[in-house]
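Coordinates in review
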Amino acid sequence: MCFADTIRTVEGYSDIIVMRHFESGAAKRAAASAGIPIINAGDGPGQHPTQALLDVYTIEREIGKLDGIRVGLVGDLANGRTVRSLAYLLAKYQDVKIYFVSPDVVKMKDDIKEYLTSRHVEWEESGDLMEVASKCDVVYQTRIQRERFGERIDLYEEARGKYIVDENVLKVMQKHAVVMHPLPRLDEITVDVDADPRAAYFRQAKNGLYIRMALLKLLLVGW
Ligand code: ASP
């Protein structure tokens, strides 16, 4: 069945569609043919808006503010949809500074950089995780996305393991700062970090439950 027909059919069975798809832009295409709300639950390497909502909620709860924060986005910035959506959403706040720390093969793409520049959000690329971690309120680590490399295992191998958040990174981080991660984790945050109160990723994951409950209620019932 073609994509639009599938959406029209599922629409007949449900009040809302939460869609995860391997293609960038799939949720947008679905929304064009649907008469019920569509939630983008991740469209390939495109966007992950509900993750960004729970991420800003987590930053607000953990750091106490969003205006004026310094955020280091680390890891697979080319394929990681969560960092793309988070950068986009952070641009709605005042005086935010974003540091991009990634292996060369998975740098943040120009569309997001251009968007940030057009919104007067300061951003900078850096190869020095320690320096960035020492300055940031949030170190947002991501996994290198093996599934996006296809046959290019050599490039995947080049990228993985370059930036690891471990006890040494914690040592240079400020007391109030936090480590976040959209999960699942591979080896980019060592497990000994978990015991540190600044490891916020399981609290972050739990916040996802509440944010998505709220979003469903908003779309199905209203305020
Ligand atoms: N869970 C996140 C996502 O759906 C991050 C990841 O898969 O690495 O994009």
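Residues numbered from 1 in each chain as written. Predicted model: local features only at pLDDT ≥ 70, side-chain atom pairs only at ≥ 80, totals over all residues. Heavy atoms only, no water.

Topic: the packing of helix H4 (residues 81-90) against helix H5 (residues 110-118)
When two helices pack together, their arrangement is captured by the angle between the axes and the distance separating the axes. At a minimum axis separation of 10 Å, H4 and H5 run at an interaxial angle of 10 degrees. Between H4 and H5, the interaxial angle falls into the category roughly parallel. Judged by residue contacts, Arg 84, Ala 87 and Tyr 88 of H4 engage Asp 111, Ile 112, Tyr 115 and Leu 116 from H5. (Axes fitted to C-alpha atoms, helices over the stretch in contact; angles between N-to-C directions. Helix = DSSP H or I, 4+ residues; strand = E, 2+ residues; numbered from the N terminus. Parallel < 35°, antiparallel > 145°, perpendicular 65-115°, else oblique. Contact = heavy atoms within 4.5 Å.)

A word on the site of the ligand
Around the ligand, the neighbouring residues are Arg 20, His 48, Arg 81, Thr 82, Arg 143, Gln 145, Pro 182, Leu 183 and Pro 184. Within the contact set of the ligand, an oxygen atom lies 2.6 Å away from a side-chain nitrogen or oxygen of Arg 143. Within the side chain of Gln 145, an N or O atom sits 3.4 Å from an oxygen atom of the ligand. When isolated, the ligand has an accessible area of 260 Å², and the protein chains bury 88% of it. Class assignment of the residues belonging to the shell around the ligand gives a composition of three nonpolar, three polar and three charged. (Near = heavy atom within 4 Å. Polar contact = N/O pair within 3.5 Å; in protein donor to acceptor, adjacent residues only side chain to side chain. Areas by Shrake-Rupley, 256 points an atom, 1.4 Å probe, with all protein chains shown as cover. Nonpolar A, V, L, I, M, F, W, Y, C, P; charged D, E, K, R; others polar.)

So, the UniProt feature "domain: Aspartate/ornithine carbamoyltransferase carbamoyl-P binding" (unreviewed entry) in the protein
The UniProt entry lists residues 3-60 under the feature "domain: Aspartate/ornithine carbamoyltransferase carbamoyl-P binding" (unreviewed entry), expressed in the numbering used here. Spanning residues 3-60, this segment combines 50% helix with 19% strand, and its end C-alpha atoms are found 38 Å apart. (UniProt positions renumbered as here; feature names shortened; annotations may be inferred.)

Section: the pairing of strand S5 (residues 122-125)
One face of the sheet, then the other: side chains in a regular strand alternate in exactly this way. Pairing analysis gives four bridges linking strand S4 (residues 97-101) to S5, with the strands arranged parallel. Across the sheet, the residue bridging to Lys 97 is Glu 122, located in S5. Once the chain exits S4 it traverses H5 before rejoining the sheet at S5, and the crossover so formed is right-handed. (Pairing = 2+ DSSP bridges. Right-handed = clockwise from strand over helix to strand, strands pointing away.)

As for the sheet that holds strand S7 (residues 178-180)
Read from one edge of the open sheet, five strands run S5-S4-S3-S6-S7, paired in parallel fashion. Looking along the sheet, the strands with just one partner apiece sit at the ends: S5 and S7. Each neighbouring strand pair of the sheet contributes to a mean axis angle of 20 degrees, computed without reference to strand direction. Across four bridges, strand S3 (residues 70-74) lies against strand S6 (residues 138-141) in parallel orientation. Directly across from Leu 73, in S6, lies its bridge partner Tyr 140. Along the sheet, helix H3 (residues 49-63) makes contact with S6 and S7, crossing S7 at roughly 165 degrees.

Considerations on helix H9 (residues 201-220)
The terminal C-alpha atoms of H9, which comprises 20 residues, lie 29 Å apart, in line with the 28 Å expected from a rise of 1.5 Å per residue. Burial in H9 covers these residues: Tyr 201, Gln 204, Asn 207, Gly 208, Ile 211 and Leu 215. Angularly, the buried residues of H9 cover 125 degrees about the axis, an arc narrow enough to put them on a single face. Exposed residues pointing more than 90 degrees away from the buried face of H9 are listed as Lys 206 and Leu 209. On its buried side, H9 packs onto strand S2 (38-43), H3, S6 and S7. (Expected span 1.5 Å × (residues − 1). Buried < 20%, exposed > 50% of the residue type's maximum accessible area, 1.4 Å probe, protein only. Arc of directions from axis to C-beta.)

Quick notes on the pattern of salt bridges
The final tally for this structure, using the stated rule, is 15 salt bridges. Asp 95 is the salt-bridge partner of Arg 70, the closest N and O atoms lying 3.8 Å from each other. Here Asp 95 lies in the loop between H4 and S4 and Arg 70 lies in strand S3, a separation of 25 residues in the sequence. Classification of Arg 70 by relative accessible area gives partly exposed; the value is 23%. Between Arg 143 and Glu 147 there is a salt bridge whose closest N-O contact spans 2.8 Å. For Glu 147, a relative accessible area of 44% translates into the label partly exposed. It is possible to trace a salt-bridge network through shared partners that takes in Lys 97, Glu 122 and Glu 124. (Salt bridge = Lys/Arg side-chain N within 4 Å of Asp/Glu carboxyl O.)

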